[in-house]
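# Structural description and commentary
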Amino acid sequence: MEERVYGITPPISTALPTEQEKRLNNALHQELRAQGTFESPAETEKRKEVLIQLEKITNVFVQRAAQEKEPKNTILIRDAIGRVFTYGSYRLGVYGPGSDMDTLVVAPKYVTVEQYFNIFPKVLVEMAPPGAITDLTPVPEAFVPIIKFEFSGISIDLIFCSIQTLKQLPAEKNWSLADNNLLRGLSENEVRSLNGTRVTDEILNLVPEPATFRLALRAIKLWAQRKAIYANIMGYPGGVAWAMLVARVCQLYPKATSAVIVNKFFNIMLKWPWPLPVLLKEIEYGCPVTRVPVWNPKLSHSDRNHRMPIITPSYPSMCATHNVGRSSMAVIQQELEKGAQVTDEIMIGRRPWKDLFTKHTFFTSGFRYYLTVIASSRTKKAQNAWSGFVESRVRVLVNKLEMHPSIALARPFNKGYDRMHRCKSNAEVEEVVSAGSLAYLYNPPADGEAGSKTEIKTETMSEDGVPVKQENSAGEAEHGMPIKQEHSDDALPAPPPNIKPEPADGADVDVKLEDIPEKKDEPEYMEIYTTNHYIGLQLVDGAKSLDLSREVNDWKAMCMSNDLFKEGLMFLSIQHVKNTALPDDVFEPGETKPRPAKKSLKRVASEEPGSKQQPPAKRQVQGKTPGPQLQRQQQPTSTTAAAAG
């Protein structure tokens with residue numbers, strides 16, 4: 001019997017593993033366990049129990065939706081059921097401790113999205129164990145409708161789709177979503193909802209050895225996360241894209257161990273002739289079940305512009321990496337080259353596997369200049385929506401920066417940093433939302449310390465072309481750029497008018513009852529929630545200065561013209577930051593924060609008291625390549641990159 005050929009080309013090698021390769025595979029498995037990528041059996045059982053609960057909740061939700069639609073149709077209500085499917089890392093079998101569970105609720109044709117958002121959250125809270133549901137956040141304005149929550153400590157991203165061809169869903173346990181006819185009558189966002197599960201199932205069906213694929217994918221996921229090149233929303237491949245790349249290598253080496261797959265992954269993808277697409281199977285054209293376009297660079301101009309196309313195997317095939325830009329692709333190529341060098345040495349026994357999983361140097365030594373995008377709101381609910389929208393638009397800003405003639409590379413960090421602040425006055429609020437001050441940072445005991453946001457799987461909103469608003473948010477200048485406030489440490493606030501000044505020492509003063517001011521409650525704090533995104537900037541050789549006011553103002557106007565933005569409740573600011581001024585919480589224990597260069601003796605002498613002050617000469621960054629000159633922010637609308645002295 002002839003063996004099945006996986007993929008669109010014959011395999012490169014069908015050689016069986018050597019003893020050395022088996023030992024390296026065991027070592028890789030041990031290292032991944034040591035790195036904490038595997039979840040305990042108890043936690044896995046907890047996930048299964050949560051899914052069982054969600055199935056029951058979904059059935060009740062669909063029954064209530066049926067009763068609302070056709071209250072007199074007792075048979076419809078009696079037989080109404082919904083189904084819950086997983087997708088992503090959980091369905092692929094590569095989830096780890098604390099991983100989100102990507103889930104999909106499938107309902108019959110009569111259940112609407114409006115009912116999903118109106119009924120499901122109520123049923124969820126009603127049927128779940130007391131206190132099990134926390135951080136419940138419906139996001140109806142998302143491109144793919146989603147409800148986010150935690151169920152018994154497990155983070156759930158729950159999307160929804162109703163099947164327009166089915167009045168009732170089949171009750172068979174093994175019923176799947178593989179049939180293309182299930183896509184009939186669905187909109188593009190509904191097709192995307194359904195295709196999460198369909199793509200995941202198809203990937204597993206297209207690899208020769210699922211166990212080999214899973215272990216190799218765990219290694220590549222850990223590597224990509226450590227190198228900060230894992231996040232579709234920020235312009236890097238997401239989990240599904242990395243999975244398809246690993247699956248393609250598995251097809252080319254169907255008998256290889258996971259250790260060999262990891263090594264071949266780096267060497268093959270480093271030399272891959274982009275924009276040649278990575279395909280797990282031939283693209284299916286001419287299937288008239290949906291109007292959603294199939295990826296086709298011959299017909300679509302936007303498809304031709306994809307730099308690193310990785311194509312989903314399920315109909316309709318789409319590009320999972322359409323967000324990858326020039327800078328992110330350059331960073332990926334750099335990391336692939338390093339990974340190839342490390343794994344080549346691992347395969348000959350010169351290095352251990354742990355060397356592959358060292359952490360990125362984005363903050364410690366990656367760049368000298370950064371932009372920080374500060375999305376902030378006065379309430380946590382508003383911040384959840386606003387920060388998610390701004391995050392989905394950061395890559396648009398990166399694209400604008402890449403077109404600037406003085407910028408060689410604009411690399412966004414793959415996660416944002418959530419922080420909470422407590423301010424006593426509007427002036428302090430302005431410092432936080434406009435200048436990015438951390439002077440009023442507050443870490444709630446229940447929430448723990450501020451930290452990185454997790455990868456968002458779904459774009460929150462689409463651009464709608466609303467005209468740019470003329471109003472500006474608090475703390476911003478006429479053209480929308482933040483004004484950095486200067487505060488003197490020596491300036492003390494004047495005493496309140498109802499408190500008399502203290503007498504001089506030794507003065508004999510009679511204190512009268514009416515002179516004692518009444519005790520008043522302390523002023524309440526104003527809580528401000530911020531999310532900071534950092535973009536590392538690498539300048540072209542010989543760059544003297546950098547004015548990004550046009551790019552920044554255009555991008556801010558685009559974000560703030562969206563209907564989601566509420567002036568006075570939400571704020572948006574962009575600041576330039578030197579590496580020596582980065583906040584402490586972006587560095588992990590053991591990492592060294594960059595420090596300012598020490599002043600030269602000549603410069604120190606010129607600054608001593610009594611020395612004749614001359615206008616400072618324009619300073620150049622020390623090194624082979626001159627950096628940008630120190631450029632003062634003369635106009636409030638100008639964003640500049642300040643050089644280190």
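What you see is a predicted model; the values in this text were computed from it and never measured. (Residues numbered from 1 in each chain as written. Predicted model: local features only at pLDDT ≥ 70, side-chain atom pairs only at ≥ 80, totals over all residues. Heavy atoms only, no water.)

If you tally the helices and strands in the chain, you get 16 helices and eleven strands. Sorting the 645 residues of the chain into buried and exposed places 49% on the buried side. Looking at the chain alone, contacts between residues at least 24 apart form 75% of all its contacts between residues at least 6 apart. Of the roughly 32,700 Å² that the chain leaves accessible, carbon and sulfur atoms contribute 51%. (Helix = DSSP H or I, 4+ residues; strand = E, 2+ residues; numbered from the N terminus. Buried < 20%, exposed > 50% of the residue type's maximum accessible area, 1.4 Å probe, protein only. Contact = heavy atoms within 4.5 Å. Areas by Shrake-Rupley, 256 points an atom, 1.4 Å probe, with all protein chains shown as cover.)

Another point: the pattern of salt bridges. Evaluation of the coordinates by the stated rule reveals 18 salt bridges. Here aspartate 355 and arginine 351 are joined by a salt bridge, their closest N and O atoms 3.1 Å apart. Residue arginine 351 is classed as partly exposed on the basis of its relative accessible area, which comes to 29%. For aspartate 585, the salt bridge identified is with arginine 419, shortest N-O distance 2.7 Å. Placement of the pair is aspartate 585 in the loop between β11 (570–578) and α16 (601–606) and arginine 419 in strand β8 (residues 417–423), with a sequence separation of 166 residues. Through salt bridges with shared partners, a single network forms among Lys359, Glu588 and Glu591. (Salt bridge = Lys/Arg side-chain N within 4 Å of Asp/Glu carboxyl O.)

So, on to the pairing of strand β3 (residues 133–139). Bridging between β3 and strand β4 (residues 146–151) involves five bridges; their strand directions are antiparallel. Across the sheet, valine 139 pairs through a bridge with isoleucine 146, a residue of β4. Joining the antiparallel neighbours β3 and β4 is a turn of six residues. (Pairing = 2+ DSSP bridges.)

So, about the packing of aromatic side chains. According to the stated counting rule, one finds 28 aromatic pairs in the structure shown. Judged by centre distance (5.1 Å) and plane angle (35 degrees), the rings of phenylalanine 362 and phenylalanine 413 are tilted. You can see phenylalanine 362 sitting in helix α12 (residues 362–366) and its partner phenylalanine 413 sitting in the loop between β7 (407–412) and β8, a full 51 residues away along the chain. Given the relative accessible area of 1%, phenylalanine 362 is considered buried. In this structure phenylalanine 413 comes out as buried when scored by relative accessible area, which is 5%. Three or more aromatic residues joined by ring pairs make a cluster, and in this case those are Phe362, Phe363, Phe367, Tyr370, Phe413, Tyr417, Tyr534 and Phe587. The ring of phenylalanine 38 is capped by arginine 33, whose NZ or CZ atom sits 4.2 Å from the centre of that ring. Sitting over the face of the ring of phenylalanine 38, arginine 218 holds its NZ or CZ atom 4.2 Å from the ring centroid. (Phe/Tyr/Trp six-rings, centres within 6.5 Å; stacked < 30°, edge-to-face > 60°. Lys NZ or Arg CZ within 6 Å of the ring centre and 35° of its normal.)

Bringing the nonpolar core into the picture now. By size, the foremost hydrophobic cluster in this structure holds 107 residues, and its most contacted members are Phe213, Trp223 and Phe265. The dominant element in this core, judged by the number of residues it contributes, is helix α8 (residues 239–252), at ten residues. Not counting the four nearest positions on each side in its chain, phenylalanine 265 is found in contact with Ile220, Trp223, Trp242, Leu245, Val246, Val249 and Leu336. Residues Leu54, Leu76, Tyr116 and Ile154 belong to the second largest nonpolar core, which totals 35 residues. (Core = buried A, V, L, I, M, F, W, Y, C linked by side-chain atoms within 4.5 Å.)

Turning our eyes to something else, we now look at the sheet that holds strand β2 (residues 101–107). Backbone-to-backbone hydrogen bonds join strands into a sheet, with any given pair of strands oriented parallel or antiparallel. Strand order across the open sheet formed by five strands is β1-β2-β5-β4-β3, with mixed pairing between neighbours. In the strand order of this sheet, the two ends are held by β1 (83–87) and β3, each with one partner. Strand-to-strand twist in this sheet, taken as the mean axis angle between neighbours without regard to direction, amounts to 25 degrees. When β4 meets strand β5 (residues 154–162), the two strands line up antiparallel, connected through six bridges. If you follow isoleucine 146 over to β5, its bridge partner there is isoleucine 159. On top of the sheet, helix α2 (residues 41–69) reaches β1, β2, β4 and β5; it is set at about 140 degrees to β1, its chief contact. With respect to the sheet, helix α6 (residues 188–205) is in contact with β1, β2 and β5, its orientation differing from that of β5 by roughly 120 degrees. (Axes fitted to C-alpha atoms, helices over the stretch in contact; angles between N-to-C directions.)

Along the chain, the position of arginine 83 falls in strand β1. The charged side chain of arginine 83 is buried without a salt bridge, its nearest counter-charge being glutamate 55 at 4.7 Å. A distance of 3.0 Å separates a polar atom in the side chain of arginine 83 from the backbone oxygen of glutamate 172. Those residues within four positions of arginine 83 in sequence are excluded, and the remaining contacts are Glu55, Thr58, Leu104, Val105, Val106, Leu169, Pro170, Ala171, Glu172, Lys173 and Trp175. (Lys, Arg positive; Asp, Glu negative; His and termini not counted. Polar contact = N/O pair within 3.5 Å; in protein donor to acceptor, adjacent residues only side chain to side chain.)

Glancing now at unusual backbone geometry. Backbone torsion omega between tryptophan 274 and proline 275 reads 10 degrees, so that peptide bond is classified as cis. Residue placement: proline 275 occurs in the loop between α9 (258–270) and α10 (301–304). One non-glycine residue, alanine 228, adopts positive backbone phi at about 60 degrees. Here alanine 228 shows up in the loop between α7 (210–226) and α8.

Before going further, it helps to spend a moment on the packing of helix α13 (residues 380–402) against helix α15 (residues 549–560). For the pair α13 and α15, interaxial distance at closest approach is 10 Å and the crossing angle is 150 degrees. Between α13 and α15, the angle is such that the two are roughly antiparallel. You can see that α13 and α15 cross each other, and the crossing is right-handed. Together, Trp386, Phe389, Val390, Arg393, Val394, Val396, Leu397, Lys400 and Leu401 of α13 and Glu551, Asp554, Trp555, Met558 and Cys559 of α15 make up the contact between the two elements. Here the contact of α13 with α15 is built from residues that sort into ten nonpolar, no polar and four charged. (Parallel < 35°, antiparallel > 145°, perpendicular 65-115°, else oblique. Left-handed = near helix turned anticlockwise from the far one by under 90°. Nonpolar A, V, L, I, M, F, W, Y, C, P; charged D, E, K, R; others polar.)

Let us now look at α9. For α9, spanning 13 residues, the distance from its first C-alpha to its last is 18 Å, which sits close to the expected 18 Å at 1.5 Å a residue. Along α9, eleven of the 13 residues are buried, which leaves the element largely enclosed by surrounding structure. Three or more residues of α9 are buried, namely Ser258, Ala259, Val260, Ile261, Val262, Asn263, Phe265, Phe266, Asn267, Ile268 and Met269. The inward-facing, buried residues of α9 contact α1 (19–34), α7, α8 and α11 (326–347). (Expected span 1.5 Å × (residues − 1).)

This part takes up the environment of proline 145. Its place among the elements puts proline 145 in the loop between β3 and β4. Of the residues examined, proline 145 reaches a relative accessible area of 9% and is grouped as buried.

Without other data, these values stay purely geometric and don't point to any function.
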